[in-house]
Amino acid sequence: MEIFKEFTFEAAHRLPMVDPGHKCARLHGHSFKVALHVRGEIDEELGWFMDFAELEAAFKPSYDRLDHHYLNEVEGLENPTSENLARWIWGNVAPALPGLCKVVVRETCTSGCVYEGPGA
(Lines give C-alpha, C1' and ligand atoms only; values in the text may rest on other atoms or scores of the structure.)
Protein backbone atom coordinates (compact mmCIF):
# COMPACT_ATOMS: atom_id res chain seq x y z
CA MET A 1 0.00 0.00 0.00
CA GLU A 2 1.18 3.53 -0.72
CA ILE A 3 -0.18 6.60 1.00
CA PHE A 4 0.76 10.25 0.60
CA LYS A 5 0.29 13.60 2.25
CA GLU A 6 0.57 16.95 0.49
CA PHE A 7 1.94 20.18 1.89
CA THR A 8 2.18 23.75 0.59
CA PHE A 9 4.74 26.35 1.51
CA GLU A 10 5.68 29.78 0.23
CA ALA A 11 9.31 30.63 -0.44
CA ALA A 12 11.59 32.82 -2.53
CA HIS A 13 14.66 31.69 -4.41
CA ARG A 14 16.91 32.35 -7.35
CA LEU A 15 18.96 29.90 -9.38
CA PRO A 16 22.60 31.00 -9.25
CA MET A 17 23.88 28.47 -11.78
CA VAL A 18 21.76 29.56 -14.76
CA ASP A 19 22.75 32.19 -17.32
CA PRO A 20 22.37 35.69 -15.79
CA GLY A 21 19.76 36.53 -18.44
CA HIS A 22 17.56 33.54 -17.51
CA LYS A 23 14.35 34.53 -15.72
CA CYS A 24 15.11 32.14 -12.86
CA ALA A 25 18.39 33.94 -12.14
CA ARG A 26 16.28 36.76 -10.72
CA LEU A 27 14.79 36.62 -7.24
CA HIS A 28 11.25 35.23 -7.40
CA GLY A 29 8.86 33.17 -5.33
CA HIS A 30 6.62 30.14 -5.59
CA SER A 31 3.79 28.46 -3.79
CA PHE A 32 5.58 25.13 -3.59
CA LYS A 33 3.62 21.91 -3.23
CA VAL A 34 5.28 18.84 -1.75
CA ALA A 35 3.88 15.31 -1.56
CA LEU A 36 5.49 12.67 0.61
CA HIS A 37 4.70 9.08 -0.40
CA VAL A 38 5.19 6.15 1.97
CA ARG A 39 4.84 2.41 1.36
CA GLY A 40 4.02 -0.21 3.95
CA GLU A 41 1.94 -3.20 4.91
CA ILE A 42 -1.56 -2.62 6.23
CA ASP A 43 -2.20 -3.64 9.81
CA GLU A 44 -5.38 -5.68 9.34
CA GLU A 45 -6.70 -4.78 12.77
CA LEU A 46 -6.18 -1.02 12.34
CA GLY A 47 -6.96 -0.98 8.63
CA TRP A 48 -3.94 1.24 7.90
CA PHE A 49 -0.18 1.14 8.20
CA MET A 50 0.50 4.74 9.18
CA ASP A 51 -1.43 7.67 10.58
CA PHE A 52 -1.29 10.69 8.25
CA ALA A 53 -0.30 12.70 11.33
CA GLU A 54 3.03 10.81 11.31
CA LEU A 55 3.79 12.17 7.83
CA GLU A 56 2.93 15.66 9.00
CA ALA A 57 5.15 15.34 12.09
CA ALA A 58 8.06 14.04 10.00
CA PHE A 59 7.83 16.98 7.57
CA LYS A 60 7.26 19.74 10.16
CA PRO A 61 10.95 20.50 10.92
CA SER A 62 11.67 20.83 7.19
CA TYR A 63 8.51 22.85 6.61
CA ASP A 64 9.56 25.27 9.33
CA ARG A 65 12.94 25.77 7.63
CA LEU A 66 11.35 26.35 4.20
CA ASP A 67 8.08 28.23 4.62
CA HIS A 68 8.44 31.99 4.07
CA HIS A 69 12.22 31.73 3.78
CA TYR A 70 14.76 32.57 1.11
CA LEU A 71 15.76 29.06 0.04
CA ASN A 72 19.26 30.05 -1.08
CA GLU A 73 20.04 30.82 2.57
CA VAL A 74 18.96 27.37 3.82
CA GLU A 75 21.99 25.15 4.40
CA GLY A 76 22.18 22.62 1.56
CA LEU A 77 19.94 24.64 -0.76
CA GLU A 78 22.40 27.17 -2.11
CA ASN A 79 21.24 26.13 -5.62
CA PRO A 80 17.55 25.50 -4.88
CA THR A 81 16.27 23.82 -8.02
CA SER A 82 13.20 21.62 -7.66
CA GLU A 83 15.47 18.60 -8.01
CA ASN A 84 17.81 19.75 -5.25
CA LEU A 85 14.86 20.68 -3.06
CA ALA A 86 13.37 17.18 -3.47
CA ARG A 87 16.70 15.57 -2.53
CA TRP A 88 17.08 17.95 0.44
CA ILE A 89 13.59 17.09 1.70
CA TRP A 90 14.32 13.37 1.31
CA GLY A 91 17.55 13.69 3.28
CA ASN A 92 15.82 15.53 6.09
CA VAL A 93 12.62 13.49 6.24
CA ALA A 94 13.73 9.91 5.49
CA PRO A 95 15.34 9.24 8.90
CA ALA A 96 12.01 10.00 10.62
CA LEU A 97 9.76 8.37 8.04
CA PRO A 98 10.27 4.63 7.45
CA GLY A 99 8.86 3.55 4.13
CA LEU A 100 9.41 6.89 2.39
CA CYS A 101 9.40 6.01 -1.32
CA LYS A 102 8.80 9.26 -3.18
CA VAL A 103 9.07 13.03 -2.77
CA VAL A 104 7.18 15.14 -5.30
CA VAL A 105 7.96 18.86 -5.56
CA ARG A 106 5.86 21.21 -7.67
CA GLU A 107 6.99 24.80 -8.02
CA THR A 108 4.15 25.74 -10.36
CA CYS A 109 0.89 24.07 -11.33
CA THR A 110 2.58 22.66 -14.44
CA SER A 111 6.21 22.05 -13.38
CA GLY A 112 7.86 19.85 -10.81
CA CYS A 113 9.91 16.75 -10.16
CA VAL A 114 9.66 13.33 -8.57
CA TYR A 115 12.51 11.93 -6.47
CA GLU A 116 12.45 8.27 -5.45
CA GLY A 117 15.55 8.25 -3.31
CA PRO A 118 19.25 7.65 -3.77
CA GLY A 119 20.04 5.17 -6.50
CA ALA A 120 16.52 5.17 -7.94
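To be clear, the structure that these remarks concern was listed above.
Let us look at the structure shown here. (Residues numbered from 1 in each chain as written. Predicted model: local features only at pLDDT ≥ 70, side-chain atom pairs only at ≥ 80, totals over all residues. Heavy atoms only, no water.)

## Description of the overall build of the protein
Which entries qualify depends on this criterion: Here a helix means four or more residues in a row that DSSP labels H or I, a strand means two or more in a row labelled E, and each is numbered from the N terminus. Exposure is judged per residue with a 1.4 Å probe applied to protein chains only, and the accessible area is read against the type maximum: over 50% gives exposed, under 20% gives buried, and values in between give partly exposed. Residue contacts are defined here by distance: any two heavy atoms, one from each residue, within 4.5 Å place the two residues in contact. Values of accessible area rely on a 1.4 Å probe in the Shrake-Rupley scheme; residue burial ignores everything except the protein chains shown. Counting rule applied: Lys, Arg positive; Asp, Glu negative; His and chain ends not counted. A charge is said to be at NZ when it belongs to Lys, at CZ for Arg, at CG for Asp and at CD for Glu.
Across its full length, the protein carries two helices and five strands. Going residue by residue from the N terminus, the α and β elements of the protein occur as β-β-α-β-α-β-β. Reported as C-alpha extents along the three principal axes, the dimensions of the protein are approximately 60 × 25 × 25 Å. Sorting the 120 residues of the protein into buried and exposed places 39% on the buried side. Of the contacts formed within the protein by residues at least 6 apart in sequence, a portion of 62% connects residues at least 24 apart. Carbon and sulfur atoms form 53% of the exposed surface of the protein, whose accessible area is close to 7100 Å². Charge separation in the protein, taken as the distance between the mean sites of 11 positive and 19 negative side-chain charges, equals 9 Å.

## Details of the sheet that holds strand β2 (residues 28-39)
Rules: A pair of strands counts as paired when DSSP detects no fewer than two bridges linking them. Lines fitted to C-alpha atoms define the axes here, with helix axes fitted over just the stretch in contact, and angles between the N-to-C directions of these axes take values from 0 to 180 degrees.
Pairing within the open sheet is mixed, and its five strands lie in the order β3-β1-β2-β4-β5. Across the chains shown, the open sheet's two edge strands, defined by having one partner strand only, are β3 (69-70) and β5 (112-115). Here four bridges tie strand β4 (residues 100-106) to β5, and the two strands are oriented antiparallel to one another. Paired with V103 across the two strands is Y115, which belongs to β5. Against the sheet, helix α1 (residues 52-66) engages β1 (2-13), β2 and β3, with an angle of about 15 degrees to β1. Together, β1, β2, β4 and β5 form the strand contacts of helix α2 (residues 82-93), whose direction differs from that of β4 by roughly 145 degrees.

## A short note on the side chain of N72
We apply this condition: Here a polar contact is recorded for every N or O atom pair within 3.5 Å, except that within protein the pair must consist of a potential hydrogen donor and a potential acceptor, and residues adjacent in sequence are included only if both atoms are side-chain atoms.
One can find N72 in the loop between β3 and α2. Since its relative accessible area comes to 13%, N72 is described here as buried. At a separation of 2.8 Å, a polar atom in the side chain of N72 contacts the main-chain carbonyl oxygen of R14. Here the side chain of N72 touches E78 through a polar contact of 3.3 Å, landing on its backbone oxygen.

## Overview of the side chain of N84
The topology assignment puts N84 in helix α2. Accessibility expressed as a relative area gives 19% for N84, which makes it buried.

## Observations regarding the pairing of β4
Regular strands show a simple pattern: their side chains alternate between the two faces of the sheet. Counting buried positions over the seven residues of β4 gives six, a clear majority of the element. Pairing geometry for β2 and β4, over six bridges, is antiparallel. Counterpart to L36 in the pairing with β4 is V103. What sits between β4 and β5 in their antiparallel hairpin is a turn of five residues.

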